[in-house]
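Below, each chain spelled out in residue letters.
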Amino acid sequence: MNKVLYIILISLFSFIIFSCSEKEESTTDTTAPVIAEVTAVTTPTNDTTPNYTFSSDEAGTITYGGSCTSSTTSASSGNNAISFSTLSEGTYDNCTIKVTDSLANESSSLSVSSFTIDSTAPVIAQVTAVSSPTNDTTPSYTFSSTEAGTISYGGSCSSDNTSATADNNTITFSTLSSGSYSNCEITVADNATNQSNTLSVNSFTIDATGPSVSSVSSSTTNGTYGIGDNITVTVTFNDTVLVDNSGGNPRIELETGSTDRYANYTSGNSSTILSFLYTVQSGDNSSDLDYKATNSLSANSGTIQDNLTNDATLTLASPGATNSLGANKAIVIDTASPTIENVSSTNSDGSYILNDNITVLVTFSEIVLIDNSTGQPRIQLETGTNDRYANFSSGNSSTVISFIYTVQSGDNSSDLDYKATDSLSLNSGTIRDNASNDATLTLPSPSFSGSLGGNKSIVIDGIVPTVSSTSPSDNESTVKFDISITVIFSETMDNTTITSNTDNTSCNGTFKVSSDNFSTCVQMGAAPSITNYSQTFSVT
């Protein structure tokens, strides 16, 4: 019985063992991990220990192949980020990764995407500096770079040029204002973000503002100028200017009356002061010479520029205002001849006789200057048979000049006047105004308004009266005391000048009778009687 039981127990144990062995064989893992690239190494990169991410569906041990290694050797199920051990610069295209699980199942080899490590920064250097000074508000600049990359700007400068090549690079700065620039900088970052050295752009100055007019004056002395005189107008700029008159001559339009004249450029190139020449012409007139308007200065198809070819601003101060020609100078332009406005006399109306002086006054329209060094100006008067002259005596540098006429024997005029409208002559002298314009010597018509005869009533009597006859006749030897003695004159006499002595025998008076050659005279009985319009005088 015991034997049977023992056999049964052994058989049963053997069945149990067999069953357990079958169960253990059915749970063995023979599947290798599956790995895949998730995030490749950035390329190019300047990171010598670049990061890489891959996924694994099992945990396990990481092994590396090719040129790459890492201190990370354990993989987890999921994404795994690793950092490769330090790598030199270069391109890596043979790096691999495997993962072996705990049952020694090894994954397929994962090829890491090719990548390049570049840790060398570009080197940049100046090739062509910005010209200085310059009037270019978008100046150019050239620099070299050992690598291509992205350009960055610093300081006051910027540009739309942002890409550099591994060569010379010419860039154009964005618009800059006039001024000095000394803080502009350039850097280049390559594709691996390696930053170059900072390149300081040379200091430069932008001057885009043209010269402007500071003042207008003249080198000609203040005074009055006439036909043919030259006036030099000077224009002062706030900077040195260059004049190119090959295509046209700059000029200034002057206010000179009904016809405005031009002062044309003559000199001053490469200086701050330009000179313009104006020659006075007939009809020009100005009481204070000035230009016509603020835009009177023109290049006239020429150019006025600074050293940087900036065109000058030609706007002038308002005429008559501070810094204008009229304000700075007192130049009178006078091409109008003085004219005679009136002829008169300082003598009172009345009769004038032999040797009396008559002053004739001639009034001009402006101040006149008399030059009588070679001849004496004079006026021919109507004085009877012989016409006399009134000669210049005074009045130089005034509007009224005086002429003296002395009554001579035989002169006669019931209303003294000159002979004709052309009776005033220079007689080899000159009568001019301050601008050397010869005076017009035409006189008002004789006896009309403004003439000597029209203004004055001066009688000239230079004819000496004579005795036409006497009764009894002169030198008669027998004359009775009681007869009437009569004297007849050749013209009407002044009654007050015909007198006789009624008091005694002295020879007083102008009417005298004597028998002893006027040692004594006959005492007259009465004053002379007057008849025949004061030509006949009788006494008893």
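As a starting point, this report considers the structure included with it. Residue numbers restart at each chain and count upward from 1, following the sequence in its written direction. The predicted nature of this model means local features are confined to residues of pLDDT at least 70 and side-chain atom pairs, given and counted, to a pLDDT of 80 or more, with totals for whole chains, interfaces and linings taken over all residues. To get the side-chain values, all heavy atoms of the structure are used, and hydrogens and water are removed first.

1. Some details on the pairing of strand E2 (residues 51-56)
Point 1. Across four bridges, the pairing between strand E1 (residues 35-39) and E2 is antiparallel. Bridging across to E2, Thr39 finds its partner in Thr53.
Point 2. For two strands to pair, DSSP has to find at least two bridges joining them. A run of H or I in DSSP becomes a helix once it reaches four residues, and a run of E becomes a strand once it reaches two; helices and strands are each numbered from the N terminus. With six bridges joining them, E2 and strand E5 (residues 78-83) adopt antiparallel strand pairing. Bridge pairing in E5 links Phe54 to Asn80.

2. Considering the sheet that holds strand E4 (residues 74-75)
Point 1. Strand order in the open sheet formed by four strands is E4-E3-E7-E8, with antiparallel pairing between adjacent strands. The sheet is open, and its two edges are formed by E4 and strand E8 (110-111), each paired on a single side.

3. Side note on the pattern of salt bridges
Proximity of charged atoms lets side chains of opposite charge pair with each other.
Point 1. Salt bridges are defined by distance alone: a side-chain nitrogen of Lys or Arg within 4 Å of a carboxyl oxygen of Asp or Glu. Enumeration over the complete set of coordinates arrives at nine salt bridges.
Point 2. In this structure, Lys456 and Asp349 form a salt bridge, with 3.7 Å as the shortest nitrogen-oxygen distance. In this pair, Lys456 is assigned in the loop between helix H3 (452-455) and strand E38 (458-461) and Asp349 in the loop between strand E29 (340-345) and strand E30 (350-353), connecting sequence segments 107 residues apart.
Point 3. By relative accessible area, Asp349 is classed as partly exposed at 47%.
Point 4. Of the charged contacts, one joins Asp438 and Arg432 as a salt bridge, the two residues approaching to 2.6 Å between their closest N and O atoms.
Point 5. A simple rule labels every residue: compare its accessible area, found with a 1.4 Å probe on the protein chains alone, to the largest value its type can have, and call it buried under 20%, exposed over 50%, or partly exposed in between. Asp438 sits in the partly exposed class, given a relative accessible area of 40%.
Point 6. When salt bridges that share partners are traced, they join Glu255, Asp260 and Lys292 into one network.

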